[in-house]
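# Geometric and topological summary
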Amino acid sequence: MAEPIKLAGGARIRRRGMSLSQSEGLLGMALVAPVVICLLILVAYPFVFAIWISFTDRQIGAEGSFIGLGNYAYLAGLPSFRATIVNTLVLVLSVQSLKLVFGLGIALLLNQPIRGRRGWRGLILLPWAMPAFVAYITWRLLYAPQGGAFNMILIGLNLIPSHADFLSSRELAMPSVILATFWRGFPFWVISFLAALQTVPQEMYEAAAIDGANAIQRFRHITLPGIRHVILVVTLLSTIWTTNSFENVWLLTQGGPSDATMTFPVLAYFGLQSLRIGEAAAVSVAMLPVFAMLALIAVKMLQRD
Amino acid sequence: MLTRLTPPQKFAAYGLLVLLALFILFPIYYMLVISLKTPRDIYRLPSLLPVNPTLNNYVQLFVNQDFLTPIRNSLIVAGASTLISVFISSLAAYSLVRLKYLMRDWAGRLILFSYLTPSSLLFIPLAVIIARLQLGNTLHGLIFVYLTFAAPLSTWLLMGFFRSIPADLEEQAMVDGATRLGALFRILLPLAAPGLVAVSVFTFTGAWNELLLALIFTTSPSNWTVPVAVQYLITGDVFRWGLIMAGSVAAAIPVMTLYYLAQRFVVQGLSAGAVKA
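Residues numbered from 1 in each chain as written. Chains lettered and ligands numbered in written order. Predicted model: local features only at pLDDT ≥ 70, side-chain atom pairs only at ≥ 80, totals over all residues.

## With respect to the overall build of chain B
Assigned secondary structure in chain B consists of 14 helices and zero strands. Each helix and strand of chain B, placed in order from N terminus to C terminus, yields the pattern α-α-α-α-α-α-α-α-α-α-α-α-α-α. Each of the three principal axes of chain B carries a C-alpha extent, and together these read 75 × 65 × 30 Å. Counting all 277 residues of chain B, 50% fall into the buried class. If you take every contact in chain B between residues at least 6 apart in sequence, the share linking residues at least 24 apart comes to 74%. (Helix = DSSP H or I, 4+ residues; strand = E, 2+ residues; numbered from the N terminus. Buried ≥ 20, exposed ≤ 12 C-beta atoms within 10 Å, placed from the backbone. Contact = placed C-beta atoms within 7 Å.)

## Some points on the overall build of chain A
Scanning chain A from N- to C-terminus turns up 13 helices and zero strands. For chain A, the succession of helices and strands along the chain, N to C, is α-α-α-α-α-α-α-α-α-α-α-α-α. Taken against the 2.2 N^0.38 rule, which gives 19 Å for 305 residues, the C-alpha radius of gyration of chain A at 25 Å runs more than 25% over that of a compact globule. The C-alpha extent of chain A, read off along each of the three principal axes, is 70 × 60 × 30 Å. The buried share of chain A, reckoned over its 305 residues, is 42%. Once local pairs closer than 6 in sequence are excluded, the contacts in chain A between residues at least 24 apart make up 70%. (Rg over C-alpha atoms; globule rule 2.2 N^0.38 Å.)

## What about the confidence of the model for chain A?
All names here are of chain A. Per-residue confidence for chain A gives a mean pLDDT of 87; residues scoring 70 or more make up 93%. When the elements of chain A are averaged for pLDDT, helix 1 (residues 2–10) gives the smallest value, 37, and helix 6 (residues 132–143) the largest, 95. Note that residues 1–18 has pLDDT below 50 and, in this model, 26 contacts with residues that lie over four places away or in other chains. (pLDDT = per-residue confidence, 0-100.)

## Observations concerning the packing of helix 5 (residues 104–116) of chain B against helix 7 (residues 139–163) of chain B
All names here are of chain B. At a closest axis distance of 8 Å, the pairing of helix 5 and helix 7 adopts a crossing angle of 120 degrees. Between helix 5 and helix 7, the angle is such that the two are oblique. Remark: the crossing between helix 5 and helix 7 carries left-handed chirality. When helix 5 is examined against helix 7, the residues Ile-111, Leu-112, Ser-114 and Tyr-115 are found in contact with a partner set consisting of Pro-152, Leu-153, Thr-155 and Trp-156. Classifying every residue of the contact of helix 5 with helix 7 by side-chain character gives six nonpolar, two polar and no charged. (Axes fitted to C-alpha atoms, helices over the stretch in contact; angles between N-to-C directions. Parallel < 35°, antiparallel > 145°, perpendicular 65-115°, else oblique. Left-handed = near helix turned anticlockwise from the far one by under 90°. Nonpolar A, V, L, I, M, F, W, Y, C, P; charged D, E, K, R; others polar.)

## Comments concerning the domain arrangement of chain B
All names here are of chain B. Domain assignment breaks chain B into domain 1 (7–56) and domain 2 (60–271). On a C-alpha basis, the centres of domain 1 and domain 2 stand 32 Å from each other. Contacts between the two partners involve nine residues from domain 1, matched on the other side by eight residues from domain 2. Sort the elements by how many residues they give to the side of domain 1 that touches domain 2 and helix 1 (residues 7–35) lands first, with four residues. In terms of residue class, the side of domain 1 that touches domain 2 is built from five nonpolar, three polar and one charged. (Domains from an automatic or database assignment.)

## Some words on unusual backbone geometry
Following Gly-256 of chain A, the chain continues to Pro-257 of chain A via a peptide bond in cis, the omega torsion being -10 degrees. With respect to the helices, strands and loops of the structure, Pro-257 of chain A is situated in the loop between helix 11 (247–252) and helix 12 (264–273). At Asn-52 of chain B, a residue that is not glycine, the phi angle is positive and equals roughly 45 degrees. With respect to the element layout, Asn-52 of chain B can be found in the loop between helix 2 (39–44) and helix 3 (56–63). What makes Asn-52 of chain B exposed here is the crowd of 11 C-beta atoms within 10 Å.

## So, the interface of chain B and chain A
Counting residues at the interface gives 91 residues for chain B, matched by 91 residues for chain A. Of the residues in the side of chain B that touches chain A, the class split is 67 nonpolar, 14 polar and 10 charged.

## What to know about helix 10 (residues 193–209) of chain B
All names here are of chain B. For helix 10, with 17 residues, the first-to-last C-alpha span of 24 Å sits near the 24 Å given by 1.5 Å per residue. Within helix 10, 12 of the 17 residues are buried, which leaves it mostly tucked inside the rest of the structure. Along helix 10, the residues classified as buried are Gly-195, Ala-198, Val-199, Val-201, Phe-202, Thr-203, Phe-204, Thr-205, Gly-206, Ala-207, Trp-208 and Asn-209. (Expected span 1.5 Å × (residues − 1).)

## Topic: the packing of helix 10 of chain B against helix 13 (residues 241–261) of chain B
Residue and element names in this part refer to chain B. As a packed pair, helix 10 and helix 13 sit with axes 10 Å apart at the nearest point and diverge in direction by 160 degrees. With respect to each other, helix 10 and helix 13 are oriented roughly antiparallel. Crossing of helix 10 over helix 13 shows left-handed handedness. Contacts between helix 10 and helix 13 involve Val-201, Phe-204, Thr-205, Trp-208 and Asn-209 from the first element and Val-255, Leu-258 and Tyr-259 from the second. Of the residues contributing to the contact of helix 10 with helix 13, the split by class is six nonpolar, two polar and no charged.

## Regarding the nonpolar core
Ranked by internal contacts, the top residues of the largest apolar core, which has 167 residues, are Val-35, Leu-39, Tyr-136 and Val-190 of chain A together with Ile-124, Tyr-146 and Phe-162 of chain B. Take this core: its biggest share by element is 16 residues, from helix 7 of chain B. Taken together, domain 1 (7–56) and domain 2 (60–271) of chain B each give at least three residues to this core, which thus spans both. Contact partners of Val-35 of chain A, with chain neighbours within four places excluded, come to Ile-88, Ser-89, Ala-92, Ile-111, Ala-151 and Thr-155 of chain B. (Core = buried A, V, L, I, M, F, W, Y, C linked by C-beta atoms within 7 Å.)

## With respect to the environment of Leu-68 of chain B
Residue and element names in this part refer to chain B. As for its placement among the helices and strands, Leu-68 is situated in helix 4 (residues 68–98). For Leu-68, a count of 12 C-beta atoms within 10 Å puts it in the exposed group. Separated by 50 residues in the primary sequence, Leu-68 and Val-18 place their C-alpha atoms 38 Å from one another.

This is the structure:
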């Protein structure tokens, strides 16, 4: 936060006198207090509380007692939990690579002199403007064995003999979740990259063209350095949110078939439903180190903006 | 941007764009088509086209399924959490951008950190806390819990908008005898009106679309919000896809309309990396 605030502070009215700046300080604290109190109660306290709960055998209606690393030891031996780690990694890495490659590609395409650029941008936004739960329920329908469009098309074109179990076979479930998650998430990347591309000065391309640089050289030496910061910020933010996305897996497969698509948020939700709060909290907290690392880098980068 | 495209390049570019449009539009098209079909037609006459279109699913949704109750609940929850969070966030954002005091950087870091914290990390302790406060299964409880993402989101966005407005006018007003708060309410907030609208749209859609917390904190059907009501449509043994898609369309239309009305700001907000995925 330091950087931007100092900028704003520089534009402040310059009036001297202790009493004034003191009263200004009090006013500042009073104005920020509602949000700060609210977040201390609703974010900071639950955050610490979750860590505490994960060290207890708490259940609904029973406080439970401190059991040290008991829940973590239990999770480490649980096949579902190990599947969850692998699945979350596979899902996040695949979806994020797809978003990066296609997001950048589509943004570069839309940055060409094409007609109706605004219209295309509005079109790209559609999956993003749609509520996530609606998007994933629609994809569940597309994948459905009966009434689903994909099976109808593939069978109609004689590409497959009988309907494919997109969401209920171990091989297809994860790729199906990945594709749907990509569809809903890529517009954020395209729009962010497109906005960044438009800040790269045109003169640099002109100068490069005069120097005889080809398209690939222009991309590597002008475009990429120009939008590097945005690429990093978008990747970080999106990775935090994709890792913690609940709707995609919950609405498409509920983690199935037999944990083939189980991810952290869904496993934690099942833990809460089974009323074993301590274990459920341990599932969430197990994600914390990765989240904390990503969040710290993101905070640094956003403060620099 | 630099050179004009040669004809083959043009052909390739528009070809790719058409494929992209197909990829984006087909799911949405199919959602609309299925929402207009009877259950029998969906299974007996599989087709990508709207054969025998009917509004029966929508009638059923609003008459038999009482879909107006979740819509009312969602309006209350999303409306109230937006009003509360935009109000307290304007004060906080003003304070963080224009005033100087001890622990300001610390408050700013708390807000940014909260903004990045996903609710999937918080829902378990929140469930315990809400139960202890006896707010479980109430709309009040849900409004309260929604401030976890609404308040940091609106504060973070409003800070950006306030920063883009020069402080000169407020300073002038204060030289003319206005107080700090007077300058905030009479000068800055009216100038930031487009920003306030955009932030309200983001916060409202965020709350309208939220599924996980609503699933945990509203247990009886009379308190369900729209996402919860729609997700319970898919838990039966038989998938009533026509009805489910009608519910999805009804849930999506209000927020998608809002989004497109505010599109100019949406794009600004997106490029600031501002919206939660």
